[in-house]
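Structural overview
Here are the chains, one letter per residue:
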Amino acid sequence: MSLRREHFEALFEPRGVVVAGASTHPGKFGFVSLHNLLASGYQGAVHATNLAGETVLGIQTVRSIDDLPSGEIDLMFVCTPASTNPDLLRSAAAKGIRAAFITSAGYGEAGEEGRRAQRELVDLADSLDMIVVGPNGQGVVSTPAHLCAQIVAPYPPAGRIGVASQSGNFVSSFMNFAVGSGIGISRAVSAGNAAQVGVTDFLRYYSEDEATGVGLAYVEGIDDGPGFVDGLAEAASRMPVVLVKGGATAGGARAASSHTGALATDDAVFDGVCRQLGVVRAPTVESAYETAASFVTQPLPRGPRTAVLTTAGGWGVVTADAIHRSSLELVDLPEDLVAAIDTKLPPRWSRGNPVDMAGGETRDTIPEVMRLIAEHDAVDAIIYLGLGIQSNQASMMARGPFYPDHGLERIVAYHERQDRRFAEAAAAVSAETGKPILTATELAATDPANAGPVAVRESGRLCYRSADRAVAALDAMWRYARHRRRHGLGV
Amino acid sequence: MFPVGPLAPGGVVGVPSASVTSTRTLSEADSVRLLARYGVPVAPEVVAEGPEEAAAAAGELGFPVVAKLCGDAIAHKTERGLVRLDLGDADAVRSAAAELLAAARPEDGEVEVLVAPMISGNREFIAGLQRDPVFGMTVMLGVGGILAEAVADAVFALVPIVEEDAMEMIDALRTRKLLEPFRGEPAVDRNALARVLVALSRAAQAEPELVSADLNPLIIDAGRPVAVDALVEVSR
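Since we're looking at a predicted model, the values are computed, not measured.

Let's shift gears to the packing of aromatic side chains. All names here are of chain A. Per the stated rule, a full pass over the model turns up 14 aromatic pairs over all chains. Here the aromatic rings of Phe-8 and Tyr-205 are separated by 5.0 Å at their centres, their planes lie at 10°, and the arrangement is stacked. In this pair, Phe-8 sits in helix H1 (residues 5–12) while Tyr-205 sits in helix H6 (residues 199–207), placing the two residues 197 residues apart along the sequence. Of the two residues, Phe-8 and Tyr-205, both sit in the buried class. Aromatic pair Phe-77 and Phe-101: ring centres 5.5 Å apart, planes at 10°, arrangement stacked. Highlighted residues: Phe-77 in strand E5 (residues 75–78) and Phe-101 in strand E6 (residues 99–102), separated in sequence by 24 residues. Residue Phe-77 is classed as buried on the basis of its relative accessible area of 1%. Taken together through their ring pairs, the aromatic side chains of Phe-8, Phe-12, Phe-202, Tyr-205 and Tyr-206 make up a single cluster. In this structure, Lys-245 is placed above the aromatic ring of Phe-270, and the distance from its NZ or CZ to the ring centre is 5.1 Å.

With that settled, the discussion passes to the domain arrangement of chain A. Quite often, the size of an interface is put as the accessible area lost when its parts meet. Residues and elements named next belong to chain A. As far as domains go, chain A holds domain 1 (1–138), domain 2 (156–297) and domain 3 (299–486). Taking only C-alpha atoms, the centre of domain 2 and the centre of domain 3 are 30 Å apart. Each side of the interface is counted separately: domain 2 has 21 residues, and domain 3 has 15 residues. Between domain 2 and domain 3, the buried area comes to about 1,500 Å², and carbon and sulfur atoms account for 53% of it. The interface formed by domain 2 and domain 3 holds two salt bridges in total.

Reading the values: rules and limits
- Residues numbered from 1 in each chain as written.
- Chains lettered and ligands numbered in written order.
- Predicted model: local features only at pLDDT ≥ 70, side-chain atom pairs only at ≥ 80, totals over all residues.
- Heavy atoms only, no water.
- Phe/Tyr/Trp six-rings, centres within 6.5 Å; stacked < 30°, edge-to-face > 60°.
- Helix = DSSP H or I, 4+ residues; strand = E, 2+ residues; numbered from the N terminus.
- Buried < 20%, exposed > 50% of the residue type's maximum accessible area, 1.4 Å probe, protein only.
- Lys NZ or Arg CZ within 6 Å of the ring centre and 35° of its normal.
- Domains from an automatic or database assignment.
- Contact = heavy atoms within 4.5 Å.
- Buried area = accessible area lost by both parts, 1.4 Å probe.
- Salt bridge = Lys/Arg side-chain N within 4 Å of Asp/Glu carboxyl O.

Shown next as structure tokens:
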């Protein structure tokens with residue numbers, strides 16, 4: 001069956017939701033899903049079914065789908081045993097329900113009988129013109145609809161990252177990163193056994209979804225290579241896609257009678273597929289999240305020429321090393337830019353890239369120097385290091401025995417104000433110049449309450465936990481932009 | 001307990017696989033001719049039936065030359081010692097050709113001697129085609145030479161490719177520094193290298209019976225890639 005936009009809208013923007021198999025036991029899927037749905041601000045009507053017709057979480061359940069109103073509910077969240085599901089789908093279709101999310105196990109993962117049940121489920125869904133997600137999935141999240149229909153936490157902040165995963169737990173992982181970083185999610189779905197709808201189907205929908213700016217996917221086995229490539233290619237032609245892949249592809253042993261064959265590993269071929277489609281293949285889940293977050297919070301770099309702005313030497317050296325290992329270039333500062341920075345800093349600054357201010361900065365130096373660099377035509381991107389140092393000292397002072405005397409109250413406030421200014425300047429200058437400015441400090445991990453990382457987060461950007469990770473994200477963005485340009489595609 | 005029997009061609013006993021069909025290899029001369037039709041740059045080669053013809057061909061090509069035993073069923077010449085390099089005069093060619101013909105085995109079928117100019121360069125690559133069981137036909141570029149499999153620096157793309165895909169493949173090699181000026185040789189002509197990959201892709205599209213192809217080595221001669229050996233596998 002070919003799924004249409006209205007199917008996905010029934011799933012992600014339902015007018016009403018029914019939890020089939022609601023339970024009064026707070027450990028059961030039928031309770032947790034209803035809880036999460038009610039706890040996250042969903043505005044549509046919420047219904048539930050329960051064999052005994054009990055009240056669950058204040059919702060008066062009905063014994064059967066047949067007792068529900070017609071034409072008001074779009075999504076059914078299924079927590080019932082597999083054997084009851086065919087009748088459930090038929091009753092739901094009769095009520096105008098167009099989408100079902102099935103958490104039930106006992107399908108394709110459960111032997112030959114389960115595989116047959118799964119095939120029958122898909123045939124039934126097709127004949128009813130329904131989208132059926134799962135089975136054996138964890139749920140669906142859609143922040144534009146305040147929809148949290150899932151058997152796991154968390155409910156993430158709203159944002160523009162669209163998640164699709166073959167593993168439900170990785171949906172949770174990505175949403176945990178969203179909570180931690182503040183860079184939010186538009187839609188998220190666990191494809192479960194992907195019986196009728198697979199990861200690339202969701203990515204294709206996201207690529208036409210105005211709420212979504214980047215696709216973030218986790219995939220494992222790929223049975224239908226050409227179908228996977230077609231879906232991914234279509235999605236990637238319209239939005240950046242970041243992908244993590246676990247495990248080996250299906251398909252069995254390769255003939256290795258040729259030298260080419262001997263060098264053809266699953267991984268190398270998959271790598272090639274991603275490169276050819278302009279899909280960012282991330283090495284880890286964390287890196288995937290950060291790269292996706294970068295796509296929706298930073299402008300795309302127009303070139304590889306990167307400047308490093310740092311308050312201390314060692315950080316800049318290590319960042320330069322990371323840039324040399326990437327597709328980025330550590331730009332040679334043009335003479336006129338050096339001369340311009342000379343007017344802002346004492347002569348001990350590095351007078352080259354990395355721009356090491358060597359402690360020579362005064363109240364306004366960092367925003368001013370950042371602006372000079374970003375506005376110069378020779379520079380495509382900036383990595384900014386050293387945010388939060390002053391607030392780190394402030395926090396020690398504020399917790400120490402002398403606070404607030406000896407002028408400490410005033411200096412603590414000053415330090416924190418300065419770090420907020422720097423973070424705000426990075427976001428503002430980046431927005432004005434259309435060039436990425438990535439701020440990196442380990443304080444984002446070690447002291448997220450530090451005024452620097454807090455202000456980065458409030459500016460709507462990601463505070464990278466190390467310069468290496470900022471370089472990795474910028475590198476991925478540049479390779480994406482370069483691919484689009486080389487192939488004559490718009491960015 | 002296990003089925004006992006001869007190995008099926010291209011298959012493994014006890015592991016039936018629908019995707020592994022029966023295949024055969026083309027001789028080097030036929031492999032080269034097939035790929036050259038689609039634009040793969042190859043060294044000029046002459047097929048000789050005997051030592052005297054080989055020596056005459058070498059005279060026309062110019063010394064030094066290489067002589068190789070060529071036949072449909074010969075896939076791994078180097079492993080069997082069927083390649084003689086750097087032959088400097090007619091006598092050397094004559095005796096090499098005689099030895100090669102004498103080394104032929106009955107299962108090799110009809111054999112000939114292939115004479116080609118000795119092309120040498122410090123940099124060798126491998127390029128080829130390989131049908132991936134999941135994704136279908138791929139084109140490949142890798143770093144060649146005796147360390148090729150240990151270095152395992154190889155990149156792939158799905159057929160068909162355009163020149164931009166090929167350029168991205170080249171950029172994705174870990175050891176792409178090898179493309180820069182090297183030991184007195186000029187930088188590798190990236191566009192020429194990209195065109196080799198596009199030519200392979202075209203061959204795969206136009207020849208549906210093509211199962212795999214190896215250009216090994218693809219030697220960089222004065223900055224430009226030249227295939228000095230080719231092996232094409234086709235379905236029967």
